[in-house]
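The chain contents come next:
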Amino acid sequence: MSLPKTLAEDVARNLVMVARLIDEDPEEAYGYSRIALRLASRVAAVREAAGFAAYATQRYTEALAEFRAARRMTGSVELWPVMADCERGLGRPERAMAMAGEPEVQKLDKAGKVEMRLVAAGARRDMGQLDAAIVTLQSPELASSSVQPWTARLRYAYADALLEAGREDEAREWFGKALEADKDGSTDASDRLAELDGVEFVDALDDEEADAADEAAPRAEDGPADGSGQA
């Protein structure tokens, strides 16, 4: 609303493309975010979108700078967990852990607090503190039978940590619980369960291509493909 109408429409189009592409083609989304940033760098929503596009392409220094800018503009703490995860991406898990203990965390809503817990557990694992990571994930949200948008990812992270700790039976149980909550396929819990059960996946397309190649290859009794009759 702070921009002239024509400029606002141009910026909005680019932001729409960022949202559409960020999952399937993050590099392309990043390109659109840079255009929006050149057009309207003083708009908080643009800085936030640019941050997420940079984050999706693992440009963590750039993402962190954009998230910080957006936070300065809005005063909101909702980006705090992803900012901490950028610190992890930059190889600074101790900074992510420090952020997990800051007062900003108490201002987050329930979803934000779960995200912060996931980041903190990841930071613990980065530092080789596997048991602490498991304890970090143990929470009322993990124990709840209620399925929320974060439930599948929280259960999955817990199962993955258990598996790394060698607690395979518990990991299988929690991968199963993650799968039950994963209505939109946000995790690969089904594949992880299959791996634990020793199921091997065969790429049907590769088999079809191999069969086609066998059919196309000349058989020994047919002679050479050039029809010369000579070996």
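What comes next is a walk through the structure. (Residues numbered from 1 in each chain as written. Predicted model: local features only at pLDDT ≥ 70, side-chain atom pairs only at ≥ 80, totals over all residues. Heavy atoms only, no water.)

Right, let's get into the packing of helix α7 (residues 110-126) against helix α8 (residues 130-137). The N-to-C vectors of α7 and α8 enclose an angle of 170°; their axes lie 7 Å apart at closest approach. Here α8 runs roughly antiparallel to α7, going by the angle between their axes. For the pair α7 and α8, contact is made by Arg-117, Leu-118, Ala-120, Ala-121, Arg-124 and Arg-125 and by Leu-130, Ala-132, Ala-133, Thr-136 and Leu-137, respectively. Partitioning the contact of α7 with α8 into residue classes produces 7 nonpolar, 1 polar and 3 charged. (Axes fitted to C-alpha atoms, helices over the stretch in contact; angles between N-to-C directions. Helix = DSSP H or I, 4+ residues; strand = E, 2+ residues; numbered from the N terminus. Parallel < 35°, antiparallel > 145°, perpendicular 65-115°, else oblique. Contact = heavy atoms within 4.5 Å. Nonpolar A, V, L, I, M, F, W, Y, C, P; charged D, E, K, R; others polar.)

If you look at the biggest cluster of nonpolar residues, it comprises 28 residues, and the most contacted ones within it are Phe-67, Trp-80, Met-83 and Met-116. Going through the elements one at a time, α1 (5-21), α2 (26-39), α3 (44-56), α4 (60-74), α5 (80-89), α6 (93-100) and α7 are the ones with two or more residues in this core. When residues no more than four places from it in sequence are discounted, the contact partners of Phe-67 are Glu-48, Gly-51, Phe-52, Tyr-55, Leu-79, Val-82, Met-83 and Cys-86. Of all hydrophobic cores here, the second largest spans 23 residues; its members include Leu-130, Ala-133, Leu-193 and Leu-196. (Core = buried A, V, L, I, M, F, W, Y, C linked by side-chain atoms within 4.5 Å. Buried < 20%, exposed > 50% of the residue type's maximum accessible area, 1.4 Å probe, protein only.)

Turning our eyes to something else, we now look at α3. Taking 1.5 Å of rise per residue, 13 residues should cover 18 Å, and α3 covers 18 Å from first to last C-alpha, within 8% of that figure. Taken as a whole, α3 has its buried residues at Ala-44, Val-46, Arg-47, Ala-49, Ala-50, Gly-51, Ala-53 and Ala-54. Residues of α3 that are buried in the fold lie against α1, α2 and α4. Two residues or fewer after α3 comes Gln-58, characterised by a positive phi angle close to 65°. (Expected span 1.5 Å × (residues − 1).)

Inspection of every chain in the model, using the stated rule, returns 21 salt bridges. Lys-110 is paired through a salt bridge with Glu-141; the nearest N and O atoms lie 3.8 Å apart. Highlighted residues: Lys-110 in helix α7 and Glu-141 in helix α9 (residues 140-143), separated in sequence by 31 residues. Owing to a relative accessible area of 45%, Lys-110 belongs among the partly exposed residues under this scheme. Salt-bridge contacts for Glu-173 lead to Lys-177; the nearest nitrogen and oxygen are separated by 3.2 Å. Residue Glu-173 and its partner Lys-177 are both found in helix α11 (residues 168-181); the two are separated by 4 residues, about one turn of the helix. For Glu-173, a relative accessible area of 43% corresponds to the partly exposed category. Within this structure, Arg-125, Asp-160, Glu-164, Arg-192 and Glu-195 form a network of salt bridges that share partners. (Salt bridge = Lys/Arg side-chain N within 4 Å of Asp/Glu carboxyl O.)

Among the surface-exposed residues, Asp-23, Glu-24, Asp-25 and Glu-28 lie close enough to one another that they form a single negatively charged patch. If you trace the backbone, Asp-25 turns up in the loop between α1 and α2. A relative accessible area of 32% places Asp-25 in the partly exposed class. (Patch = residues over 30% accessible without salt bridge, like charges linked within 9 Å, V, L, I, M, F, W, Y side chains within 5 Å. Areas by Shrake-Rupley, 256 points an atom, 1.4 Å probe, with all protein chains shown as cover. Lys, Arg positive; Asp, Glu negative; His and termini not counted. Charge placed at Lys NZ, Arg CZ, Asp CG, Glu CD.)

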